[in-house]
Amino acid sequence: MKLNKRSILAVTISMLLAACGSDSEPTVPFPDKPEPLVPAPAEPLLAPIGDVMINATKKELVVTSNTEDDKLVSIEAFNGIRFAEAERFQHSNTVDLTDLVNSDGIVDATSFGDACPQNKSTNFGSGLELEQSEDCLNLNIWRPEGTTEQDEWPVYVFIHGGDFEYGTGANPMIHGDTVVAQGADEGNPFIAVTFNYRLGLLGSNWVKGVDVNGNFGLGDQETLLKWVQENIQNFGGNTGNVTLMGQGSGAMSIALLQQKVTEKKLEDSYFQRAIMQSIPYGFEYKSYNVAKDQASDTDTLRGNSIEQVLEEQKTALDPLQRLESWLLSSIGVEIPTVTPKSDNTPMATLMPYAPYLECSELKGGLLNSSSCKDGMGQAQPSRSNFVVPTVIGVNAQDSDNMSMLPNLTSLVPLIIDLMGDDTGDAEYTAQRMAEWLAIDGNKQLVKQRMHSLANSDEFSAQLELQDLIDALPKSSYEAMTPLFFGLKNQTGSDLLQLTDFYPNDEHEILSAINNMGQYRTIMNDTLFAGPARMKAAESEHATMYYFDHSPSFNVWTHNTGPNGETDIGDLLKSISCITGACNGSELPFVFNKAMKMDGTEVHPSSTDKKLMNEISRSWFDETLFSDANQYNANEDQVLVIDTDGMALSAPNWDKTKNPGKDANLRQGRLTGLENLGLLLNYMPE
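Remember, predicted model here, so these are calculated numbers, not experimental data.

**Quick notes on the pattern of salt bridges**
Alright, step 1. Using the criterion set out here, one finds 20 salt bridges in the structure.
Alright, step 2. One salt bridge connects lysine 265 with glutamate 263, and the closest N-O pair in it is separated by 3.3 Å.
Alright, step 3. A relative accessible area of 32% means that lysine 265 is categorised as partly exposed.
Alright, step 4. Given the relative accessible area of 30%, glutamate 263 is considered partly exposed.
Alright, step 5. Several salt bridges share partner residues, and in doing so they unite Lys59, Asp177 and Lys593 into one network.

**Quick notes on helix H8 (residues 306-317)**
In an α-helix, one turn spans 3.6 residues; hence positions three or four apart end up facing the same way.
Alright, step 1. Here H8 is 12 residues long and its end C-alpha atoms lie 16 Å apart, about the 16 Å a rise of 1.5 Å per residue gives.
Alright, step 2. Residues of H8 that are buried include every one of Val309, Leu310, Gln313 and Leu317, and no others. Angular distribution of buried residues about the axis of H8 spans 95°; they occupy a single face of the element. For H8, the exposed residues set more than 90 degrees away from the buried face come down to Glu307 and Lys314.
Alright, step 3. Along its buried surface, H8 packs onto helix H3 (200-204), helix H7 (298-303) and helix H9 (319-330).

**Section: empty space enclosed by the protein**
Alright, step 1. Tallying each qualifying case throughout the model produces five cavities of 30 Å³ or more.
Alright, step 2. Counted as a void, the largest cavity has a volume near 70 Å³.
Alright, step 3. Surrounding the largest cavity, Phe164, Tyr197, Arg198, Leu199, Gly200, Gly203, Ser204, Asn215, Gly217, Leu218, Tyr353 and Pro355 form its lining.
Alright, step 4. For the lining of the largest cavity, the elements supplying multiple residues, two or more each, are H3 and helix H4 (216-231).
Alright, step 5. Of all the elements, H3 adds the most residues to the lining of the largest cavity, at three residues.
Alright, step 6. Counted by class, the lining of the largest cavity contains six nonpolar, five polar and one charged residues.
Alright, step 7. The computed volume of the second largest cavity comes to approximately 50 Å³.
Alright, step 8. Lining the second largest cavity are 11 residues, with Gln294, Ser342, Asp343, Thr345 and Ala348 sitting closest to its centre.

Rules and cut-offs
As a convention, each chain's residues are numbered from 1 in the sequence order in which they are written. Residues qualify for local features only when their pLDDT is at least 70, as the model is predicted, and side-chain atom pairs are given and counted only at 80 or more; totals for whole chains, interfaces and linings, by contrast, use all residues. Note that the side-chain values use all heavy atoms of the structure and ignore hydrogens as well as water. One side-chain nitrogen of Lys or Arg within 4 Å of one carboxyl oxygen of Asp or Glu is enough to make a salt bridge. The rule is simple: take the accessible area with a 1.4 Å probe, protein chains only, and divide by the maximum for that residue type; under 20% is buried, over 50% is exposed, in between is partly exposed. Under the DSSP-based scheme used, a helix requires at least four consecutive residues in state H or I and a strand at least two consecutive residues in state E, with every element numbered from the N terminus. Every helix has an expected span of 1.5 Å times one less than the residues it contains. Our arc is simply the arc of the directions from the helix axis toward the C-beta atoms. The contact criterion used throughout is that any non-hydrogen atoms of two residues lie within 4.5 Å. Here a cavity denotes a set of grid points, spaced 1 Å apart and computed over the protein atoms alone, in which a 1.4 Å probe fits but from which it cannot get out, and a pocket denotes an open set meeting protein on both sides within 12 Å along at least five of seven lines; residues with an atom within 4 Å of a point are reported as lining. Grid points are joined across faces, edges and corners, and a volume is the space filled by probe spheres set on the points. Polar here means any residue other than Ala, Val, Leu, Ile, Met, Phe, Trp, Tyr, Cys and Pro, which are nonpolar, and Asp, Glu, Lys and Arg, which are charged; Gly is therefore polar.

Structural data, given as structure tokens:
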């Protein structure tokens, strides 16, 4: 139904309803609607914290509930506190609060600090326009009103996502004010912390001769945890009750941090619990040697301006450049000075600034790179166990829009459509596409097609899903699947032999659409749901959840370029997130924030709002980690979050939720794929 037809229908219905009520007054009076609560303006707050006085903010919020009337609750916010300092390509060190005292003898924490440099806009509207600079290692704290250092409230530290390329702890969607106000009002007081860490080239570029490694962003997270241990008790927090939370790349960071604890490279007292949202445990991180081979020249980067660094980063992050690298890497083509080495799969080329696996041996204070020859060194995080009680979970359509997944590989059929050449053979297709993309004019054709779609009325209205499907290129599924896992191993080919994933004839439109559905299922099963379930089963104390609610609003937008222009990667995410529980869909529900990723406010449905009230309370409650919710492989019960709320499923969740067609998958796709050895089989031991 087109928009104009809907408008005519709406007007007609309104006129009929008006006519029906025109002759008589209603026999039952409408109840009086209470006046909406209006929070008082924010007030300055001078708080004694340890040996310093800090200028903070007292803020009043409207707290909603599913069982009680709305109420006003106050919290205290400390924004933009510098927690560390670091020179470019050096690891960060904590900053003492006494070093932040200004000429008035006070530490100012009344405004959010700069965001770390990135190729995205950090303008979140509503007056929150963040500058970007390398002096970006700052944090934000929200605590109940009247908190003192004797209170020792639980502490929740959230690591933001963004593919290790973008993001900030000041994003309005992850502010801790609402959830802290809820907890304080309902007898569950706690403190929430968000923070920044270095991104992109400055966050994970291999550096010759450093004394530890080049994973500087991950190092910033370790520094933050150290700062929390040294300082949070002065804010009223309990250093022995810290829960580390993260979404997407934030969850990936937690997996790496847990691994560091296992390897005794990080203090085991820094956090006591973990919540990992939408973690792709099936992702293969770059090995030390591949990171070394792909590294940009740090001697040059040290002398470059931040604008020059971001320009180099922009080139590497261009979706078509990234896709070209993925294609060449997927078939194992190595052209000196052009194509970097690859590991077992080409996945890391789709998330180029994810941390790489470190080489741990030191000689004379420097890394002994010879110990990393032939793939030796740190293991993949998927091979490590949890070290603390952990909640791990996925969204039903996580893979639909996470940038390393179909977000970029879905450009493959568009390119094949434009170049008009596809035999179905994965290696030939990859070589032809790489050659075609090497021509700048062809890259422009792809960008023009995507920008045309971004500016279409159908996309802007987001009403006619079929129109969007018709506008999108059709599948080249038979080539994409083996290419994603790389032709160095059989994973992709083996998956295509199963009935559930066997290729349909792509000359038929519906069959091509079905192929794309199968591709997304493969991605979700093998990178998200399957590995997460395996890890939960291996752990002594883990809770697994499954977010399966489709919000009434799209959390993604596409005008996210540095100057508000269309970002092709986010455009693909926006399209894939029109329906379903896509990557990031749970964030408004966890933090009870009715907004999109860019800070745009939305108007959630009554069902959405009810779920927001429920989930945001459950997430910050110790019962989430209770024995009753613990995952047991024999029972296979998970916490399901859907339109009906949040509840433990009946036994045999996989068999009930994910029944397969193939004989090997009829007890549940995830169970079948695990039994067939197709989950994580490409990961080195």
